[in-house]
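The lines below spell out each chain.
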Amino acid sequence: MLKNNIEVDVKVKCIEAATTQAKLAEKVGTTPSYVNRLIKKKDGIVNNTFLQMLEKLGYDVELTYVKREI
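Re the overall build of the protein
Line of reasoning, step 1. Along the protein, the regular secondary structure elements total 4 helices and 0 strands.
Line of reasoning, step 2. Ordered by position from the N terminus, the helices and strands of the protein form the series α-α-α-α.
Line of reasoning, step 3. Expressed along its principal axes, the backbone C-alpha trace of the protein runs to roughly 40 × 30 × 20 Å.
Line of reasoning, step 4. A buried classification covers 17% of the 70 residues belonging to the protein.

Here's the deal with the confidence of the model for the protein
Line of reasoning, step 1. Put simply, the protein has an average pLDDT of 84, and 94% of its residues get 70 or more.
Line of reasoning, step 2. Averaged over each element, pLDDT in the protein is lowest for helix α4 (residues 48–56) (80) and highest for helix α2 (residues 21–28) (92).

Here we look at the pattern of salt bridges
Line of reasoning, step 1. In this structure the tally under the stated criterion is 1 salt bridge.
Line of reasoning, step 2. Between E16 and K13 there is a salt bridge; the shortest N-O distance is 3.4 Å. Here K13 and E16 lie together in helix α1 (residues 6–16), a separation of 3 residues that amounts to about one turn.
Line of reasoning, step 3. For E16, a relative accessible area of 57% puts it in the exposed group.
Line of reasoning, step 4. With a relative accessible area of 41%, K13 lands in the partly exposed category.

Topic: the packing of α2 against helix α3 (residues 32–40)
Line of reasoning, step 1. Closest axis-to-axis distance for the α2/α3 pair is 8 Å, and the angle between their directions is 110 degrees. The angle between the axes of α2 and α3 places the two elements in the roughly perpendicular class. For the pair α2 and α3, contact is made by Q21, A22 and A25 and by P32, V35, N36 and I39, respectively.
Line of reasoning, step 2. Looking at side-chain class alone, the contact of α2 with α3 contains 5 nonpolar, 2 polar and no charged residues.

Quick notes on unusual backbone geometry
Line of reasoning, step 1. With a phi angle near 55 degrees, A18 is a residue other than glycine that sits in the positive phi range.
Line of reasoning, step 2. As for its placement among the helices and strands, A18 is situated in the loop between α1 and α2.

Quick look at a positive patch on the surface
Line of reasoning, step 1. Taken together, the side chains of K23, K27, K67 and R68 make up a positively charged region of the molecular surface.
Line of reasoning, step 2. With respect to the secondary-structure elements, R68 resides in the segment after α4.
Line of reasoning, step 3. Here R68 falls in the exposed class, since its relative accessible area comes to 71%.

Quick look at the environment of T30
Line of reasoning, step 1. Its place among the elements puts T30 in the loop between α2 and α3.
Line of reasoning, step 2. Taking the C-alpha atoms as reference points, T30 and Y65, 35 residues apart in sequence, are found 22 Å from one another.
Line of reasoning, step 3. With near-sequence residues (within four places) excluded, T30 lies in contact with A25 and V35.

Conventions and cut-offs
- Throughout, a residue's number is its position along its own chain's written sequence, starting from 1.
- Only residues with pLDDT of 70 or above have their local features reported here, since the model is predicted, and side-chain atom pairs are shown and tallied only from 80 upward, although totals for entire chains, interfaces and linings are computed over all residues.
- Neither water nor hydrogens contribute to the side-chain values; these are computed over all heavy atoms in the structure.
- Here a helix means four or more residues in a row that DSSP labels H or I, a strand means two or more in a row labelled E, and each is numbered from the N terminus.
- Each residue's exposure class comes from its accessible area (1.4 Å probe, protein chains only) as a fraction of the maximum for that residue type: buried when under 20%, exposed when over 50%, partly exposed otherwise.
- Within a predicted model, pLDDT stands for the predictor's per-residue confidence, ranging from 0 to 100.
- Think of a salt bridge as a Lys or Arg side-chain nitrogen and an Asp or Glu carboxyl oxygen that are within 4 Å of each other.
- All axes here are fitted lines through C-alpha atoms, helices being fitted over the stretch that makes contact, and every angle between N-to-C directions spans 0 to 180 degrees.
- When describing relative orientation, an angle under 35 degrees is termed roughly parallel and one over 145 degrees roughly antiparallel, while 65 to 115 degrees is termed roughly perpendicular and anything else oblique.
- Two residues form a contact once any of their heavy atoms are found within 4.5 Å.
- Under the scheme applied here, ten amino acids are nonpolar (Ala, Val, Leu, Ile, Met, Phe, Trp, Tyr, Cys and Pro), four are charged (Asp, Glu, Lys and Arg), and all others, including Gly, are polar.
- Candidates for patches are residues over 30% relative accessible area with no salt bridge; among them, like charges are joined within 9 Å and nonpolar side chains (Val, Leu, Ile, Met, Phe, Trp, Tyr) within 5 Å.
- Each accessible area is a Shrake-Rupley estimate made with a 1.4 Å probe; only the visible protein chains count as cover when residues are assessed.
- Under the counting rule used here, the positive set is Lys and Arg, the negative set is Asp and Glu, and His together with the chain ends is not counted.
- One atom stands in for each charge, and that atom is NZ of Lys, CZ of Arg, CG of Asp or CD of Glu.

What follows is the structure in structure tokens.
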């Protein structure tokens, strides 16, 4: 089980950074529509097969976000 809602987290982190998905896409080197599609995608950003493999090995997946000092 994935204990994070990565899609919501990306939106929240954009708000905290006072940026938009379009600006994020530019920084990543992709299109705003691709970023939006990843965030809205039913399967989410993390690959379901990856999650299933770890679940079968007895693990839940939980991501931790640590703000880097710039």
